[in-house]
Amino acid sequence: MGAEQADRPKHASLRVVAGFYAGLEVPVDRARIVLGRGRGADLVVAESTMSREHAAIAFDDEGCFVEDLGSTNGTKVNGERCDRERLQDGDVIQLGRLQVQVSLRD
């Protein structure tokens, strides 16, 4: 098992809390996933306020983070706009009108 796998929580997921997909929960099952409305995204969401490749959720040696990928409408964590931000269990990420809550549990 590589370092990325060892540092990842046993259960990491994103749950949509606001937007058309409210209630949907998606496991984060790899070291990096790209969220967006385009076919090139790992998690494709049909939300017009999101860019084709809006943001990435990823893990490194220090834990989990979100990184905006140059989106038009930006990325916010707990209401604050960011380019890259460390994530904690329960944080809410806003991507356009879509809001997802992060679950990071061992």
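So, here is what we can say about the structure in this document. Residue numbers here run from 1 along each chain, matching the order of that chain's written sequence. Local features in this predicted model are restricted to residues whose pLDDT is 70 or higher, and side-chain atom pairs enter the listing and the counts only when it is 80 or higher, whereas totals over whole chains, interfaces and linings include all residues. To obtain the side-chain values, all non-hydrogen atoms of the structure were included, while hydrogens and water were left out.

## Some points on unusual backbone geometry
Residues apart from glycine generally show negative phi values, whereas peptide bonds are mostly found in trans.
Part 1 of the argument: Despite not being glycine, N78 has its phi angle at roughly 50°, a positive value.
Part 2 of the argument: Every helix listed is a DSSP run of H or I at least four residues long, and every strand listed is a run of E at least two residues long, numbered separately from the N terminus. Relative to the elements of secondary structure, N78 occurs in the loop between β7 (75–77) and β8 (80–82).

## A short note on the sheet that holds strand β10 (residues 92–95)
Part 1 of the argument: In this analysis, strands are considered paired if DSSP registers two or more bridges between them. As summarised here, the arrangement of the 6 strands in space is β2-β1-β11-β10-β7-β8, forming an open sheet in which the pairing is antiparallel. Of all the strands in the sheet, just β2 (25–27) and β8 have a single pairing partner and so form its edges. Taken pair by pair, the neighbouring strands of this sheet meet at an average axis angle of 30°, ignoring direction. The axes used here are C-alpha line fits, helices contributing only the stretch in contact, and every angle between their N-to-C directions lies in the interval 0 to 180 degrees.

## Structural notes on the pattern of salt bridges
Part 1 of the argument: Here a salt bridge means any side-chain nitrogen of Lys or Arg lying within 4 Å of a carboxyl oxygen belonging to Asp or Glu. On inspection of all chains with the given rule, the structure shows 7 salt bridges.
Part 2 of the argument: R86 is the partner of D60 in a salt bridge, and the nearest nitrogen-oxygen pair spans 2.7 Å. Taken together, the residues D60 in strand β5 (residues 55–60) and R86 in strand β9 (residues 84–86) connect sequence positions 26 residues apart.

## Side note on the side chain of T49
Part 1 of the argument: With respect to the helices and strands, the residue T49 is situated in the loop between β4 (43–44) and β5.
Part 2 of the argument: Side-chain atoms alone can form a polar contact between residues adjacent in sequence; in general such a contact is a pair of N or O atoms within 3.5 Å, and within protein one must be able to donate a hydrogen while the other accepts it. At a separation of 2.8 Å, a polar atom in the side chain of T49 contacts the main-chain amide nitrogen of R97.

## A few points about the nonpolar core
Part 1 of the argument: If you look at the biggest cluster of nonpolar residues, it comprises 22 residues, and the most contacted ones within it are L14, I57, V66, L87 and I93.
Part 2 of the argument: Only β1 (11–18), β3 (32–36), β5, β6 (63–68), β10 and β11 (98–105) provide two or more residues apiece to this core.
Part 3 of the argument: Between two residues, a contact is recorded if the distance between any of their heavy atoms is within 4.5 Å. Not counting the four nearest positions on each side in its chain, L14 is found in contact with L24, E25, V26, V28, I33, L35, I57, V100, Q101 and V102. Joining through side-chain atoms within 4.5 Å is the link that ties buried Ala, Val, Leu, Ile, Met, Phe, Trp, Tyr and Cys residues into a set, and such a set is a nonpolar core. Exposure is judged per residue with a 1.4 Å probe applied to protein chains only, and the accessible area is read against the type maximum: over 50% gives exposed, under 20% gives buried, and values in between give partly exposed.

## Some details on the packing of aromatic side chains
Part 1 of the argument: Between rings of Phe, Tyr and Trp, where Trp is taken as its six-membered ring, a pair exists when centres lie within 6.5 Å; planes separated by under 30 degrees are stacked, by over 60 edge-to-face, and by other angles tilted. Summed over the entire model, instances satisfying the criterion amount to 0 aromatic pairs.
Part 2 of the argument: Comment: the charge-over-ring label is applied if NZ (Lys) or CZ (Arg) is within 6 Å of the ring centre and within 35 degrees of the ring normal. Lying across the ring of F65, R84 places its NZ or CZ 3.6 Å from the centre.

## Some remarks on the pairing of β11
Part 1 of the argument: Sheet topology places β1 next to β11; 7 bridges connect them, and they run antiparallel. Paired with H11 across the strands is R105, a residue of β11.
Part 2 of the argument: Taking the residues between adjacent antiparallel strands as the criterion, β10 and β11 are bridged by 2 residues, where G96 takes a positive phi near 65°.

## Focus on the side chain of D68
Part 1 of the argument: One can find D68 in strand β6.
Part 2 of the argument: Buried charge without a salt bridge: D68, with R81 as the nearest opposite-charge side chain at an N-O distance of 5.9 Å.
Part 3 of the argument: A polar atom in the side chain of D68 sits 2.5 Å from the side chain of S71.
Part 4 of the argument: Side chain to side chain, D68 and T75 meet in a polar contact 2.6 Å long.
Part 5 of the argument: If we skip the residues at most four places from it in the chain, D68 touches H54, A55, G74, T75, C82 and D83. Only four residue types enter the charge count: Lys and Arg as positive, Asp and Glu as negative, with His and the chain ends excluded.

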